[in-house]
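Descriptive analysis of the structure
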Amino acid sequence: MKKYLTLLITLKVSSMFAQLELSIPEAPIKIEFANVIINLDENARQAVNNEINGLLTPPNSFLDEKLERMQWYFPIIEDILDQEDIPEDLKYLAIMESSLLPDALSTSSAVGFWQFKEATGKEMGLRIDNDIDERKYIIASTRAASLYLKRNNLIFKNWISTIYSYNQGATGAAKMIPENWSYASEITFDKNTPEYLIRALANRIAFEHRLNRLRNSPRKFVLYPTRSKSLAEIAVELTTDIAELRKYNSWLYAAAIPAEKDYIVLIPARLEDVDELESKIAKRRDLVRTDLGFPELKRVTMVSTSDSDPVYYEINNKKGILAQPGDEAAQVAAKAKINLTTFLKINDLSDRDLIKTGQVYYLQKKAKKAKVAFHTASGQQTMWDISQMYGVTLKELLHKNRMDNVQRLQPGRVVWMQKRRPKNKPVEIIQEVIEQPTPQPSVPVRENYETRKEPEIKEPAKIEPEFKDPVVSTKPVVKPEVEKTREPEFKTQPTEKRKVEIRDNEVATVKSSSSPEIKTTPSAPKNNSTPAKTKITETAIHKVKKGETLFSIAKNYDLTVAQLRNMNNMGTNDVLKSGQNLKVTKSSMVPSSDVEKVLAQKKEPDNPVVINTPAKTSKTQTHTVTSGETVFSISKKYNVSTVEIIRWNNLKNNNIYVGQKILIESDAAKAAIESTKSGVSRTHVIKKGETLFSISKKYGVSVTELKAWNNIRDNEIQAGRILEIR
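Quick caveat, the model's predicted, so the values are computed rather than measured.

1. Description of the overall build of the protein chain
In terms of regular secondary structure, the protein chain is built from 24 helices and 21 strands. Split into buried and exposed, the 726 residues of the protein chain put 47% on the buried side. Here the protein chain has roughly 39,700 Å² of accessible surface; of this, 50% comes from carbon and sulfur atoms.

2. What to know about helix 23 (residues 692–699)
Burial analysis of helix 23 places six of its eight residues in the buried class, which makes it a mostly covered element. Those residues of helix 23 lying buried are L692, F693, S694, I695, S696 and Y699. The inward-facing, buried residues of helix 23 contact helix 6 (138–156), helix 7 (159–176), strand 20 (682–685), helix 24 (703–709) and strand 21 (722–725). One or two steps after helix 23, the chain reaches G700, where phi turns positive at roughly 70°.

3. Some words on the nonpolar core
If you look at the biggest cluster of nonpolar residues, it comprises 103 residues, and the most contacted ones within it are L93, I160, I163 and F189. Here L93 is in contact with W114, L149, I163, Y166, Y196 and A200, once residues within four sequence places are set aside. Of all hydrophobic cores here, the second largest spans 31 residues; its members include I321, V372, M403 and V415.

4. Points about the packing of helix 7 against helix 8 (residues 195–211)
Helix-helix packing is characterised by the crossing angle of the two axes and by the distance between the axes. Two numbers describe how helix 7 lies on helix 8: the axes approach to 9 Å, and their chain directions differ by 115°. The angle between helix 7 and helix 8 places the two elements in the roughly perpendicular class. Relative to helix 8, the crossing made by helix 7 is right-handed. Of the residues in helix 8, those touching helix 7 at I160, I163, Y164, Y166 and N167 are Y196, L197 and A200. The residue makeup of the contact of helix 7 with helix 8, split by class, is seven nonpolar, one polar and no charged.

5. Quick notes on the confidence of the model for the protein chain
Averaged over every residue, the pLDDT of the protein chain is 76; residues scoring 70 or more account for 72%. Model confidence for the protein chain, summarised as mean pLDDT per element, is weakest for strand 13 (residues 506–510) at 37 and strongest for helix 4 (residues 92–98) at 96. Of the regions scoring below 50 in pLDDT, residues 438–529 engages in 144 contacts with residues more than four places distant in sequence or in other chains. Between residues 667–680, whose pLDDT stays under 50, and residues either more than four places distant or in other chains, the model counts 16 contacts.

6. Brief notes about the pattern of salt bridges
For the coordinates displayed, the defined rule picks out 27 salt bridges. In this structure, R127 engages E260 in a salt bridge whose closest nitrogen and oxygen atoms are separated by 3.2 Å. In this pair, R127 sits in the loop between helix 5 (118–123) and helix 6 while E260 sits in the loop between helix 10 (242–248) and strand 5 (263–270), placing the two residues 133 residues apart along the sequence. For E260, a relative accessible area of 57% translates into the label exposed. Each of R127, D129, D131 and E260 takes part in one network of salt bridges that share partners.

7. Quick look at empty space enclosed by the protein
Applying the stated criterion across every chain, the model contains five cavities of 30 Å³ or more. One number sums up the size of the largest cavity: a volume of about 60 Å³. Surrounding the largest cavity, Q83, N316, K318, Y362, A367, K369, A370, K371, Y390 and G391 form its lining. A breakdown of the residues in the lining of the largest cavity according to their chemical character gives four nonpolar, three polar and three charged.

8. A look at the sheet that holds strand 3 (residues 186–189)
Judged by pairing direction, the sheet is mixed, and its three strands sit side by side in the order 1-2-3 without closing on themselves. Of all strands in the sheet, those with a lone pairing partner are strand 1 (30–33) and strand 3, marking the two edges. Going across the sheet, the axis of each strand differs from the next one's by a mean of 30°, ignoring polarity. For strand 2 (residues 36–40) and strand 3, the ladder comprises four bridges, and the chain directions are parallel. Each residue of the ladder has a partner; that of N39, found in strand 3, is T188.

9. Quick look at the sheet that holds strand 9 (residues 360–362)
The antiparallel open sheet is built from four strands, whose spatial order is 6-7-8-9. Taken across any chain shown, the strands that pair with only one partner, and hence form the sheet edges, are strand 6 (297–299) and strand 9. Recorded for the sheet is a direction-independent mean angle of 35° between the axes of neighbouring strands. Both strand 7 (residues 312–315) and strand 8 (residues 318–322) contribute to a ladder of four bridges, which runs antiparallel. Residue pairing in the sheet places I315 in a bridge with K318 of strand 8.

10. Remarks on the packing of helix 6 against helix 7
Where helix 6 contacts helix 7, the two axes come as close as 9 Å, and the packing angle between them is 85°. Regarding the angle of helix 6 to helix 7, the classification is roughly perpendicular. Judged by residue contacts, A145, Y148, L149, K150, N152, N153, I155 and F156 of helix 6 engage W159, S161, T162, S165, Y166, G169, A170, A173 and A174 from helix 7.

11. Describing the packing of aromatic side chains
The full count for this structure, using the stated rule, is 17 aromatic pairs. Taking the centre distance of 5.6 Å and the plane angle of 90° together, the rings of Y148 and Y166 count as edge-to-face. Here Y148, found in helix 6, pairs with Y166, found in helix 7; they are 18 residues apart in sequence, far enough to count as distant. With respect to burial, Y148 and Y166 carry one shared label: buried. Site record: aromatic cluster; members linked through ring pairs are W72, Y73, F113, F221 and Y248.

12. Details of the pairing of strand 8
Most of strand 8 sits out of view: four of its five residues are buried. With antiparallel pairing between neighbouring strands as the criterion, strand 7 and strand 8 make up a hairpin whose turn holds two residues, including N316 at a positive phi of roughly 55°. Note that strand 8 and strand 9 share three bridges and pair antiparallel. Following the sheet pairing, L322 is matched in strand 9 by V360.

13. With respect to unusual backbone geometry
What is expected of a backbone is that most residues other than glycine have negative phi and most peptide bonds are trans. A cis amide bond links T57 with the next residue in sequence, P58, at an omega value of -10°. Turning to its location among the elements, P58 is positioned in the loop between helix 2 (42–56) and helix 3 (61–83). Residues other than glycine seldom take positive phi values, yet S228 does so here, at roughly 75°. Here S228 is to be found in the loop between strand 4 (219–226) and helix 9 (231–238). Looking at S228, the relative accessible area reads 40%, which means it is partly exposed. Of note, the phi angle at N317 is positive, near 65°, even though the residue is not glycine. Here N317 is to be found in the loop between strand 7 and strand 8. Looking at N317, the relative accessible area reads 23%, which means it is partly exposed.

Quick notes on the rules
Residues numbered from 1 in each chain as written. Predicted model: local features only at pLDDT ≥ 70, side-chain atom pairs only at ≥ 80, totals over all residues. Heavy atoms only, no water. Helix = DSSP H or I, 4+ residues; strand = E, 2+ residues; numbered from the N terminus. Buried < 20%, exposed > 50% of the residue type's maximum accessible area, 1.4 Å probe, protein only. Areas by Shrake-Rupley, 256 points an atom, 1.4 Å probe, with all protein chains shown as cover. Contact = heavy atoms within 4.5 Å. Core = buried A, V, L, I, M, F, W, Y, C linked by side-chain atoms within 4.5 Å. Axes fitted to C-alpha atoms, helices over the stretch in contact; angles between N-to-C directions. Parallel < 35°, antiparallel > 145°, perpendicular 65-115°, else oblique. Left-handed = near helix turned anticlockwise from the far one by under 90°. Nonpolar A, V, L, I, M, F, W, Y, C, P; charged D, E, K, R; others polar. pLDDT = per-residue confidence, 0-100. Salt bridge = Lys/Arg side-chain N within 4 Å of Asp/Glu carboxyl O. 1 Å grid on protein atoms, 1.4 Å probe; cavity = no way out; pocket = protein on both sides within 12 Å on 5 of 7 lines; lining within 4 Å. Points joined across faces, edges and corners; volume = space filled by probe spheres on them. Pairing = 2+ DSSP bridges. Phe/Tyr/Trp six-rings, centres within 6.5 Å; stacked < 30°, edge-to-face > 60°.

In structure tokens form, the structure reads like this:
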């Protein structure tokens, strides 16, 4: 009897757990989705609930497999969305599009995880040919989808609208999306809401509910970064099934992975085998070569006219800025228009750390883990160096490697980049790396920052001057006793008693705290015809001109930046301003016999001399920008370079707008030979908060037409700009 009672209780408990596991969630009246609060009216709520029921019932093997794939692929997708600063909820779009099947093919010939057609995929930078189809490669295709979504979000300024544009395109979505959704933090779904958005919300509610109640999958992906190898070689090396490798890496059609680029091969593995596999991968000799692919740098600012202009980069797919000669942390932060404290925090710096010329610093927060699982330390690398190289926060990197502070690493040490090193696993050292020479980073030299000559260009649309990418910033190793001071102190030497020859057996003594400093050179022998000279150093004032830096001013007066700051009581966080007066020292050599005469002429030694270079004069002509004109076309009209036009008008880039007044400072300036196109048109002055989408709605035109009429290449617009409406 007891056995039957126990069996009955067990069956009831199992039934209760089964009902809990298979419970169907209901859509709430209000929910946050993709950083937007959504209110559901009764019609929309019923539609979402119907979709949820369709997604989760009836239970079947296809649903179970889909949920398991989510556990495998979501960590990869989430990491990329985090790096791209895209709401994590958009990962459910991949479920809607392909059910996370790499070989998914739609009736319209869209392929892969994110369902790209060939033309769109290539436009987003995907490689699609007979050797590789990156639409089936989870990492590349997710980055391409991120790029597509970010571009459209510049138009709609609302991630819910952007989700719909992924299905309909920007033009199609603009016809259905309410105009007041732009910049909105709260919107309403009703009976007119597009079905795609109803399904997107239902996918998020249904699968988030189910994933939170699932046991962890017994398998996961191990990431294997490599190049040039075949899947067969990898299968033998890691003792894994070649058929499994081909199934989950179907993006590779060729016999081997191409040699010109690193790819990450997905290795399906049982949880109990993961540590062993990752250890094998960490010991690979070619891992050292793949480490050298970081940081990933892409120059954004193509033309810079002076050191005072910021030069922006993309570093590991995040915003970055180049440190130029003379820059300090406060100046770099000011150029980037961000708070100094924020800049230091993003780059894991303190206010005592020096900025290194030619290095790129982050302007967006770094990620919690790297794209690769391991890094092999080399040379004099510290954990800070590695955190900047891969764009990982220093705190996370130290935590993953069970370290308490920044320290120089032993060459060959394996650094864990994606998860924490197990407590019972000892630190690994790859001996082969110790014998290898440390790769020397190629730091740009001074002339890289000079004004660049305009390259010869046949078509204005193909202006792509090439620049050598600098390497990631390297934090200087500072001894503890030096870290207590922010800057080396520059102490003015006290004025000594100087002997000035007047006549035999008689000397004159000069001693004055306000007099210029006098340094004597050794007297020449009496039989030498060259008279002895004395170096006189006097204080002067330099008026700062636009574009000058502490570095360039100090160089002109044979000073160091630290000395110049000390003379002017400037701290390391003070920023140089145009028109500011700086104290400098000016030296000259005079005959020793004339020293008294020179000193007598200095009636007001405390009154410094103002040094100011007169401005250049040239004939100036004003050109009014007309529709369709670019900086390049204007430069051709007046036979000048685009760099000169940018410098004369203090432009930050090549963007100009209709009606803008452009100064042409050239003696040989030609009169404009083209007039504006005939025909009736309207103009619109952009107000703060407006987007191309909202303006197109106002005038009943498309975003594409607005961009074509005003020669706009991207979706960014600025308040105050005048748009032409035809």
